Amino acid sequence: MANILTADKVGSIAYEFYANGDHLESVSEAEALEYLHGWENIPPGLEEILEGKSAGFEFDVTLSPEDGHGEYDEDLIEEIPREQFDFDEEDATLEPGIEVEMMDEDGDIFEGVVQKIEADHVVVDFNPPLAGKTLRYVGKVVNVREATETELEWGIPESLVDTLFDDEDFDEDDDE
């Protein structure tokens, strides 16, 4: 039973990924994506299909927006006062299409995409990029293994730490 995808196991999957019929990504078995099962590392509909499966299981699943990254929500488009954007760095430019991170009053960080820039405000879309899209995954479970204590503490496989976070996000001295 140890090699079956259940909560707190690390699954590795190879797949072809499509959104609204457009091919967006190929992940080979050699580069299989690791995810921590039960921790919302992958879309909920895909995780549900993989529950209880083992290495070798092949899948071809189409997910509605509700089972993927959610419906597109017009309420997640916000007008933010222009002075809240600090782009003094040489490389940074405020223009439509760039991704920005904003912090709310509780200290939570939200990622969005600049839609347009007006004289006194900036329109930012905080919807996930794949919100409202029908997703299709065609692939295979490559491996299933026990998660390490570190992976359970962080909620992601260790293999994703370097790709998701900068070195300063995982400063070993943060535990002091």
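It should be emphasised that the depicted structure is a prediction, and the values quoted were computed from it without experimental measurement.

A.B. asks: Help me understand the packing of aromatic side chains, please; the structure alone is not making it clear to me.
C.D. replies: Centre distance and the angle of the planes are the two values used to describe a pair of aromatic rings. Applying the stated criterion across every chain yields a total of 3 aromatic pairs. Judged by centre distance (5.6 Å) and plane angle (65°), the rings of Y15 and Y137 are edge-to-face. Of this pair, Y15 sits in strand β1 (residues 9-19) while Y137 sits in strand β9 (residues 135-146), placing them 122 residues apart in sequence. Comparing Y15 with Y137 shows no difference in burial state: the two are buried. Centroid distance F57 to F59: 6.4 Å. Interplanar angle 20°. Geometry classified as stacked. F57 sits in the partly exposed class, given a relative accessible area of 26%. Taken together, Y15, F17 and Y137 form an aromatic cluster joined through their ring pairs.

A.B. asks: How do you make sense of the nonpolar core when you look at a structure like this?
C.D. replies: The tendency in soluble globular proteins is for nonpolar side chains to be buried side by side. One finds I13, L46, L50, F59 and Y137 to be the most contacted residues of the largest nonpolar core, which totals 18 residues. For this core, the secondary structure elements donating two or more residues are β1, α1 (44-50), β4 (58-63) and β9. When sequence neighbours within four positions are dropped, the list of residues in contact with Y137 reads Y15, E16, F17, P43, L46, F59, D60, V61 and L63. Listed in part, the 10 residues of the second largest apolar core include I80, L94, V124 and F126.

A.B. asks: What am I meant to see in the pairing of β9 here?
C.D. replies: Within a regular beta strand, the side chains point alternately toward one face of the sheet and then the other, so they alternate between its two faces. The pairing of β1 with β9 spans 11 bridges and is antiparallel. Counterpart to I13 in the pairing with β9 is V141.

A.B. asks: Explanation requested: the sheet that holds strand β7 (residues 109-117) in the structure shown.
C.D. replies: One key point about sheets: their strands pair by backbone hydrogen bonds, in either a parallel or an antiparallel sense. Across the sheet, which stays open at both edges, the 4 strands sit in the order β5-β8-β7-β6 with antiparallel pairing between neighbours. Edge positions in the sheet fall to β5 (77-81) and β6 (99-103), since each has one partner strand and no second. Strand-to-strand, the axes of this sheet are offset by a mean angle of 45°, without reference to chain direction. Relative to strand β8 (residues 121-125), β5 is paired through 5 bridges, and the arrangement is antiparallel. Looking at the pairing, E78 lines up with V124 of β8.

A.B. asks: Explain the confidence of the model for the protein chain here, please?
C.D. replies: Do not read the fine detail of predicted coordinates wherever pLDDT is low. When pLDDT is averaged along the protein chain, the result is 90, and 86% of the positions lie at 70 or above. Below pLDDT 50 for its whole length, residues 170-176 participates in 5 contacts with residues either more than four positions away or in separate chains.

A.B. asks: Please clarify how the pattern of salt bridges should be interpreted in this entry.
C.D. replies: Summed over the entire model, instances satisfying the criterion amount to 6 salt bridges. Its salt-bridge partner being K116, residue E118 comes within 4.0 Å of it at the nearest N-O pair. By relative accessible area, which is 31% here, E118 ends up partly exposed. With a relative accessible area of 44%, K116 lands in the partly exposed category. Bridged by salt links that share partners, the residues E34, R145 and E151 form one connected network.

Calculation rules
- Residues numbered from 1 in each chain as written.
- Predicted model: local features only at pLDDT ≥ 70, side-chain atom pairs only at ≥ 80, totals over all residues.
- Heavy atoms only, no water.
- Phe/Tyr/Trp six-rings, centres within 6.5 Å; stacked < 30°, edge-to-face > 60°.
- Helix = DSSP H or I, 4+ residues; strand = E, 2+ residues; numbered from the N terminus.
- Buried < 20%, exposed > 50% of the residue type's maximum accessible area, 1.4 Å probe, protein only.
- Core = buried A, V, L, I, M, F, W, Y, C linked by side-chain atoms within 4.5 Å.
- Contact = heavy atoms within 4.5 Å.
- Pairing = 2+ DSSP bridges.
- Axes fitted to C-alpha atoms, helices over the stretch in contact; angles between N-to-C directions.
- pLDDT = per-residue confidence, 0-100.
- Salt bridge = Lys/Arg side-chain N within 4 Å of Asp/Glu carboxyl O.

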